[in-house]
Amino acid sequence: MSVSSDFQHKSKKLRNSLISLLIFFAITAPLLFIDSGFSRLLYDYGSDFSTVLSYIIIALFSLDALATILLFRIASTHQENLEGAWPRFSVKHALWLLIPILLAIALGVSLNSVAIGVIICQLAYLCLSLALIKLAVGAKKIVFSAIYICVVLVGAILIIELPGRAIFWIKEKYKPSQLYEEDLISYEEPMIGYALRRNLDKTFPVWDLKTNSLGFRYPRDIAIPKPSGTYRIFLLGGSTALGWLSARQDEHITYFMEQRFKQLYPDKNIEVINAGVPYYASWNELGLLIYRVLDCEPDMVIVFDARNDLVYAVNPDFNPIYSGYADKGSELAITKRSVKFNPKAIINDLLRTSIVYRFLENAIFKQKEKQLQLKRAMVCRFRPEALNYYQNYHKYMANVCNGKGVKLIIAYQPIIYFGKKQLTPKEKQKWGSYGAGENYVEMMQQMYPLGEKKVLELDGYYNAHTISLKNIFEDVTGDIYFDECHYTALGNKIIADYLLDYILKRKLMSDFLYDK
């Protein structure tokens with residue numbers, strides 16, 4: 001074979017590889033859109049789609065797509081390799097794609113189960129496609145072409161995706177991101193809007209997140225009704241209570257508290273359960289307390305918050321309503337529930353399975369956010385009246401807990417702008433990192449003492465106990481703040497010890513610890 005003919009042969013192979021990819025995406029994109037549209041529309045909004053059925057449908061779709069590619073290419077001459085042939089399109093091919101979709105809808109309606117309808121039709125479609133292909137080109141070419149197409153497709157994806165995942169893993173060790181936040185939060189929670197997903201088990205370079213069947217960050221399911229001889233404590237709050245982005249499963253506040261209780265009282269069964277949820281503010285905590293936590297028969301509830309309420313209060317977009325004011329999590333939940341079928345959202349969710357796409361999406365979003373801030377000249381506002389909401393929601397919590405015989409502790413959380421005499425170099429870099437407005441730090445420094453006063457005024461209200469943790473890091477020289485409000489493992493341990501010592505000094509558990 002001459003050099004020229006060898007070059008032409010390789011060029012033809014490269015051309016054929018590109019053709020295969022183009023054909024694959026041209027044919028599979030509509031199918032993927034329709035199948036995933038069915039799955040998302042029905043699974044997210046109360047259908048019979050279980051997780052297992054969704055996986056079955058995705059697997060069948062992949063096989064259907066491959067069979068469709070082969071069907072489109074059986075018009076090639078027998079002298080050419082199937083993987084090198086140009087496809088011949090016709091009306092019958094388009095109808096062949098539409099028939100299983102229409103049958104799935106009809107069968108799904110008749111069986112009152114769209115999931116079963118889709119699965120049956122996909123199976124039938126796959127069997128008929130393979131039968132026609134076999135008659136046209138023979139079994140040997142089917143197998144060869146299927147392997148060829150799969151290798152080309154998977155290879156192209158891996159070339160792009162694997163380096164992206166490696167970069168993500170390295171980057172996360174130094175600066176954990178929120179690329180996966182929507183995967184960890186459930187936005188379809190009755191009455192409470194959104195919460196952590198149930199039965200999560202996610203591990204990242206510097207933190208992990210595991211939840212039980214109720215969506216609490218606790219290593220095991222809790223028994224309901226509560227067993228005799230068990231004392232149950234819940235910690236409510238936002239991402240700082242949870243340990244979001246900064247704490248492993250054995251480094252957050254409730255873990256340290258429970259371990260120390262075990263050391264002090266090894267013969268007592270004391271459960272300390274983390275019910276923190278990212279973005280939660282006082283109104284979210286009240287909802288979680290009423291609609292989920294109280295059903296778990298707590299003996300004590302600790303509310304650890306302040307920062308999120310303050311951020312929402314000084315935000316330029318603050319818009320108070322009778323039931324509070326909207327936070328990021330609630331807005332996301334409302335958006336997801338209000339859109340029944342959103343093609344753009346479905347396609348975006350599919351693309352977000354790629355870490356490379358998530359990187360690009362995040363970078364573009366941040367750039368747009370910067371431009372928007374410059375355009376609007378965002379300026380935080382001083383709104384002390386907003387703290388009335390904050391105090392009132394804690395009043396409701398105190399009233400509810402008192403009526404149920406549950407002890408309530410309201411702990412005002414520390415933030416980087418107060419109470420630490422000596423910030424480390426890492427902590428200094430985080431000063432003003434949130435960037436909600438050009439005068440954000442100044443407004444937070446004005447609002448924080450006012451919020452503290454609102455909390456301390458509630459001491460004794462319906463038997464509530466209130467404490468400020470503003471100065472607990474005053475003499476600590478090590479790294480406490482991961483950013484402006486989230487804590488390192490050292491910070492979480494100091495908070496845990498402080499809360500536990502407060503409980504013991506006030507003898508809030510005496511009836512249980514020293515019962516006769």
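Residues numbered from 1 in each chain as written. Predicted model: local features only at pLDDT ≥ 70, side-chain atom pairs only at ≥ 80, totals over all residues. Heavy atoms only, no water.

Draft legend 1. Structural view of the pattern of salt bridges. Inspection of every chain in the model, using the stated rule, returns 16 salt bridges. We note a salt bridge from arginine 217 to aspartate 208, for which the minimum N-O separation is 3.8 Å. Like aspartate 208, arginine 217 is buried. As a salt-bridge pair, arginine 248 and aspartate 208 come within 3.8 Å of each other at their nearest N and O atoms. Pair noted here: arginine 248 is in the loop between helix H7 (239-242) and helix H8 (253-264) and aspartate 208 is in strand E4 (residues 208-210), with a separation of 40 residues, a long-range link. Arginine 248 sits in the partly exposed class, given a relative accessible area of 26%. Given the relative accessible area of 8%, aspartate 208 is considered buried. Each of Arg260, Lys493, Asp497 and Asp501 takes part in one network of salt bridges that share partners. (Salt bridge = Lys/Arg side-chain N within 4 Å of Asp/Glu carboxyl O. Buried < 20%, exposed > 50% of the residue type's maximum accessible area, 1.4 Å probe, protein only. Helix = DSSP H or I, 4+ residues; strand = E, 2+ residues; numbered from the N terminus.)

Draft legend 2. Quick look at the packing of aromatic side chains. With the rule as written, the count across this model stands at 19 aromatic pairs. Ring geometry for tyrosine 255 versus phenylalanine 256: centroids 6.0 Å apart, planes at 70 degrees, classification edge-to-face. Owing to a relative accessible area of 31%, tyrosine 255 belongs among the partly exposed residues under this scheme. For phenylalanine 256, a relative accessible area of 17% corresponds to the buried category. Arranged with centres 6.2 Å apart and planes meeting at 55 degrees, the rings of tryptophan 283 and tyrosine 393 form a pair that is tilted. One end of the pair, tryptophan 283, is in helix H9 (residues 282-293); the other, tyrosine 393, is in helix H14 (residues 387-403), and 110 residues separate them in sequence. On the basis of relative accessible area, tryptophan 283 is assigned to the buried category, the value being 12%. Among the residues examined, tyrosine 393 registers a relative accessible area of 9% and is labelled buried. (Phe/Tyr/Trp six-rings, centres within 6.5 Å; stacked < 30°, edge-to-face > 60°.)

Draft legend 3. Structural context of the sheet that holds strand E5 (residues 230-237). Read from one edge of the open sheet, 5 strands run E6-E5-E7-E8-E9, paired in parallel fashion. For this open sheet the edge positions go to strand E6 (269-274) and strand E9 (465-468), each flanked by a neighbour on one side alone. Put simply, the sheet's adjacent strands are angled 15 degrees from each other on average, direction ignored. Where E5 meets strand E7 (residues 300-305), 5 bridges bridge the pair, whose relative direction is parallel. Paired with glycine 237 across the two strands is phenylalanine 304, which belongs to E7. (Pairing = 2+ DSSP bridges. Axes fitted to C-alpha atoms, helices over the stretch in contact; angles between N-to-C directions.)

Draft legend 4. Representation of the side chain of glutamate 189. Locating glutamate 189 in the fold gives a position in strand E1 (residues 185-189). Residue class for glutamate 189 comes out buried when judged on its relative accessible area of 9%. Only 2.6 Å separates the side chain of glutamate 189 from the side chain of arginine 292, close enough to count as a polar contact. Setting aside its immediate chain neighbours within four residues, glutamate 189 contacts Tyr194, Ala195, Arg198 and Arg292. (Polar contact = N/O pair within 3.5 Å; in protein donor to acceptor, adjacent residues only side chain to side chain. Contact = heavy atoms within 4.5 Å.)

Draft legend 5. Quick look at the confidence of the model for the protein chain. Confidence along the protein chain averages 75 in pLDDT terms, with 57% of residues attaining 70 or more. This model gives residues 337-342 a pLDDT under 50, and the stretch forms 11 contacts once residues within four places in sequence are excluded. (pLDDT = per-residue confidence, 0-100.)

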